[in-house]
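Working through the structure, step by step
One-letter residues, chain by chain:
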Amino acid sequence: MTLTTATAVIDRQALVDNFNRVKTFAPKAKVLAVLKANGYGHGLERIARALPQADAFGVARLDEALALRAAGVVKPIVLLEGFFTEQDLPILAVNNLQTIVHNRQQLDALTRTQLEKPLKVWLKIDTGMHRLGINPEDFDDFYQALSASDNVDPDIVLMSHLGCADDKENPVTNSQLALFEQLTASYNNEKSLANSAGSYAWPQTRYDWIRPGLILYGVSPMAAPEQSAQSLGIKPVMTLQSSLIAVRALKAGEAVGYGAAWVSSEDTTIGVIAIGYGDGYPRHAGNGTPVLVNGRRVPLVGRVSMDMITVDLGKDSRDEVGDLAILWGQGLPVEEIALHATTIPYELLCNITRRVQIEVV
Ligand SMILES: *Cc1c(COP(=O)(O)O)cnc(C)c1O
């Protein structure tokens, strides 16, 4: 007997196909592939190595960028939140890392230190999301100060970030775009606005650099269920799977799992699958969350445990211990599981824990 434990199968061909698909949306734009949070749970170095076509990589933390350099990645890498302390600046310079500048403290640090070689800067303007970015009225001021500094490469990229691009009907995107255009129209610099949703759904946001994350991993960045990954022409890169480690007969009126939270209304068969919140399967996935067992959808029943979940295989089940169960990925979009767990696919993917086995195909 050999039972598979929780395994994330990573399909590199799907990643490359998705990348090529995204290129068809914005054939002229360069691609900054976003790899933060361990490549959205798919493995930082693994994803970087599998995407030699990318023009640059984006990460959120210096440690992530240094891990890529240590793995031999020589492509441009951009710190999407910029540097966190002035002491990091020489490290950025030595490792050829690019930085976003989004606040006055970063500007001051960058203009007052002495670097051996200038850093490439992406100046981030807040066009309406009100998270990171300088205020529009400060744009000229920041731009002049950066341009005048010997520490800054003269080719500054102008950028902003979209807050509502996942909804094609939302007017916020057009107002962000209009403000970005108004501020930057007279500058010949490279520009960047689009995340995954912008790259797909908002042609005018594509500019010189698109910054796709989620869509590369084969997950739809759009909120409307009909704008599914399949309809976008992308395929899941991660398939999370495990196996049945028990198949048990259950009588009508009997409960399953912690808190006896689910009671069967009829005689049935319960399957126990070796995956739980200790692997990153969401504890808030409710009764009825679909699981693929032997290619057929069966409902999760009872509470998610640390190492196990229980599913209702039905009275006529012929499933056996050792049979394969897919939690999300091929045949079962993670988007759907996210809805059942009242979260978003981003969170499910990057919450995969270290004990999950990785199988690269
Ligand atoms: C995370 C991030 C992205 C990618 O977002 P997706 O929705 O995954 O495409 C793009 N740009 C910035 C600045 C980000 O932080």
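Conventions adopted
- Residues numbered from 1 in each chain as written.
- Predicted model: local features only at pLDDT ≥ 70, side-chain atom pairs only at ≥ 80, totals over all residues.
- Heavy atoms only, no water.
- Helix = DSSP H or I, 4+ residues; strand = E, 2+ residues; numbered from the N terminus.
- Buried < 20%, exposed > 50% of the residue type's maximum accessible area, 1.4 Å probe, protein only.
- Contact = heavy atoms within 4.5 Å.
- Near = heavy atom within 4 Å.
- Polar contact = N/O pair within 3.5 Å; in protein donor to acceptor, adjacent residues only side chain to side chain.
- Areas by Shrake-Rupley, 256 points an atom, 1.4 Å probe, with all protein chains shown as cover.
- Core = buried A, V, L, I, M, F, W, Y, C linked by side-chain atoms within 4.5 Å.
- Domains from an automatic or database assignment.
- Pairing = 2+ DSSP bridges.

Some words on the overall build of the chain
When its secondary structure is counted, the chain shows 12 helices and 18 strands. Expressed as a percentage of its 361 residues, the buried residues of the chain come to 53%. Of the contacts formed within the chain by residues at least 6 apart in sequence, a portion of 63% connects residues at least 24 apart.

Considering the site of the ligand
Near the ligand there are 13 residues, and of these Lys-36, Tyr-40, Ser-196, Leu-214 and Tyr-346 occur at the shortest range. Arg-211 places a side-chain nitrogen or oxygen 2.9 Å from a nitrogen atom of the ligand. Taken by itself the ligand offers 390 Å² of open surface, and the protein chains cover 92% of this.

Section: the nonpolar core
In globular proteins that are soluble, nonpolar side chains generally tend to be buried together. Membership of the largest hydrophobic core comes to 112 residues, with the highest contact counts inside it found for Leu-110, Leu-123, Tyr-281, Val-291, Ile-309 and Trp-328. Sort the elements by how many residues they give to this core and helix H1 (residues 12–25) lands first, with five residues. Structurally, this core is a two-domain feature, drawing no fewer than three residues from each of domain 1 (12–219) and domain 2 (238–360). With residues up to four places along the chain from it excluded, the contact list for Trp-328 reads Met-238, Thr-239, Leu-240, Gly-280, Tyr-281, Pro-282, Val-334, Ile-337, Leu-348, Leu-349 and Ile-352. Counting five residues, the second-largest nonpolar core is a separate cluster that includes Leu-250, Val-256, Trp-262 and Val-301.

Some thoughts on the pairing of strand E5 (residues 97–101)
Most of E5 is tucked away: five of the five residues are buried. The two faces of E5 match: Leu-97, Thr-99 and Val-101 on one face and Gln-98 and Ile-100 on the other face are all buried. Two elements, strand E4 (residues 77–79) and E5, share three bridges in a ladder whose sense is parallel. When the bridges of E5 are listed, Ile-77 appears paired with Leu-97. Relative to strand E6 (residues 121–124), E5 runs parallel, the two being bridged by three bridges. Considered in E6, the bridge of Ile-100 is made with Trp-122.

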